Amino acid sequence: MIFTSTVTVDGTNIVYDVAGEGPAIMLLHGGGGGQTRKSWHEAGYVSRLQNEFKLIAMDIRGHGESDKPTAKEAYTIDKMCKDVLAVADACEIETFALWGFSYGGNIGRYLAANSNRVEKIIVIGIPFGQAASGEFRQFINEFRAHWEPILQANKGGVPNLTMLSEEDREIWQVMDVPVTLAWLTAMLDWEINEPQDLLCPALWLSGSGNESTVASIKKYRETAVQSSVQIEIVPGLTHIQEFEEIDRVFPIMLEFVKS
């Protein structure tokens, strides 16, 4: 496995690794919760794919070992998409399949709607439409309402932890709050993206326990099918299980990427 990084057009350093040989698959991890490019290794995807494909797993900006800007302007969907293409360029890959889970699936679907370099895409566990909708959008607004005054009172620096509640101290210790606040807030401004916007074949995968994505599938089912989007709802899986229960989802994903 090769581990390296590249600098994007706005000077952000993006770390990625490369394993295997064959047709290229770009792997984009979920957002927050300790998700990084290593998640694809730890869950077993890379080991199962590397004998047939070239796997490029990148740390999305704001995560892992990539740079972590604290301004929401650093996380526009245009910049996020350009990061993926910059990594592809650094790997000398012209076209590629893209597998994206959660936040990575969100970024991937926008890229697949704006670049013909994505040959196929697997979108795992996220709705189409707004980048952040429903309960997730409400969560972001509540997160902003709570943390923005705290950060502003400390001029963006580290707050006096003794002045925070026990719950807030725990959150501060396990989460990079300023960075998380930046990329979450940026998602509120990403434009609507729908299945018919995609320029390539897609697999839209969800667990039956992922209520928001299942509702989105019901809303877009007709246009999705007309737009070469294959829909798979795996019984009993929650959002995180859509990624972690690899024995349930991997055969579906592999069949699609090989078709």
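For the structure itself, look to the data block above.
It should be emphasised that the depicted structure is a prediction, and the values quoted were computed from it without experimental measurement.

A. Structural context of the nonpolar core. Core analysis: the largest hydrophobic core is formed by 61 residues, its most contacted members being Met26, Phe96 and Trp190. Ignoring sequence-local partners within four residues, the contact set of Phe96 consists of Ala24, Met26, Val84, Leu85, Ala88, Leu111, Arg117, Val118, Glu119 and Lys120. In terms of nonpolar packing, the next biggest core, distinct from the first, is built from 28 residues, Ile25, Val46, Phe101 and Ile246 among them.

B. Up close: the environment of Asp83. Tracing the chain through its elements places Asp83 in helix α3 (residues 77-90). By relative accessible area, Asp83 is classed as buried at 2%. In this structure, the C-alpha to C-alpha distance between Asp83 and Leu111, residues 28 residues apart in sequence, is 10 Å.

C. Spatial organisation of the sheet that holds strand β5 (residues 96-101). Pairing in this open sheet of 8 strands is mixed, and the strands run β1-β2-β4-β3-β5-β6-β7-β8 from one edge to the other. Of all the strands in the sheet, just β1 (2-7) and β8 (229-234) have a single pairing partner and so form its edges. Mean inter-strand twist for the sheet, computed between neighbouring axes without regard to direction, equals 20 degrees. Contacts between helix α4 (residues 103-112) and the sheet are confined to β3 (24-28), β5 and β6 (118-124), with β5 contributing the most and set at about 145 degrees to the helix.

D. Quick peek at the packing of α3 against α4. For the pair α3 and α4, the least separation of the axes is 9 Å and the interaxial angle reads 90 degrees. Between α3 and α4, the crossing angle belongs to the class labelled roughly perpendicular. The segment α3 lies against α4, with Ile77, Met80, Cys81, Val84 and Leu85 engaging Tyr103, Ile107, Tyr110 and Leu111.

E. Main features of the packing of aromatic side chains. In total, this model carries 14 aromatic pairs according to the counting rule given. Relative to Tyr45, the ring of Trp40 lies with its centre 5.1 Å away and its plane at 70 degrees, an arrangement referred to as edge-to-face. Residue classification places Trp40 among the buried positions, given a relative accessible area of 0%. The class for Tyr45 is buried, based on a relative accessible area of 0%. The interplanar angle of 75 degrees and the centroid separation of 5.5 Å between the aromatic rings of Tyr110 and Trp190 together place this pair among those described as edge-to-face. Here Trp190 lies in the loop between α7 (177-187) and β7 (202-207) and Tyr110 lies in helix α4, a separation of 80 residues in the sequence. Since its relative accessible area comes to 5%, Tyr110 is described here as buried. Taken together, the aromatic side chains of Trp40, Tyr45, Trp99, Phe101, Phe243 and Phe250 make up a single cluster linked through ring pairs. One residue, Lys120, lies across the ring of Phe256, its end atom 5.2 Å from the ring centre.

F. Here's a closer look at the pattern of salt bridges. Enumeration over the complete set of coordinates arrives at 12 salt bridges. In this structure, the salt-bridge partner of Glu65 is Arg37, at a minimum N-O distance of 3.0 Å. Of this pair, Glu65 sits in the loop between β4 (54-58) and α3 while Arg37 sits in the loop between β3 and α1 (38-42); the two residues are 28 residues apart in sequence, bridging distant segments of the chain. With a shortest N-O distance of 3.2 Å, Asp78 and Lys82 are connected by a salt bridge. Note that Asp78 and Lys82 are positioned in helix α3 at a spacing of 4 residues, about one turn of the helix. Since its relative accessible area comes to 39%, Lys82 is described here as partly exposed. One salt-bridge network, held together by shared partners, links Asp17, Arg37, Asp59 and Glu65.

Reading guide: rules and limits
- Residues numbered from 1 in each chain as written.
- Predicted model: local features only at pLDDT ≥ 70, side-chain atom pairs only at ≥ 80, totals over all residues.
- Heavy atoms only, no water.
- Core = buried A, V, L, I, M, F, W, Y, C linked by side-chain atoms within 4.5 Å.
- Buried < 20%, exposed > 50% of the residue type's maximum accessible area, 1.4 Å probe, protein only.
- Contact = heavy atoms within 4.5 Å.
- Helix = DSSP H or I, 4+ residues; strand = E, 2+ residues; numbered from the N terminus.
- Pairing = 2+ DSSP bridges.
- Axes fitted to C-alpha atoms, helices over the stretch in contact; angles between N-to-C directions.
- Parallel < 35°, antiparallel > 145°, perpendicular 65-115°, else oblique.
- Phe/Tyr/Trp six-rings, centres within 6.5 Å; stacked < 30°, edge-to-face > 60°.
- Lys NZ or Arg CZ within 6 Å of the ring centre and 35° of its normal.
- Salt bridge = Lys/Arg side-chain N within 4 Å of Asp/Glu carboxyl O.

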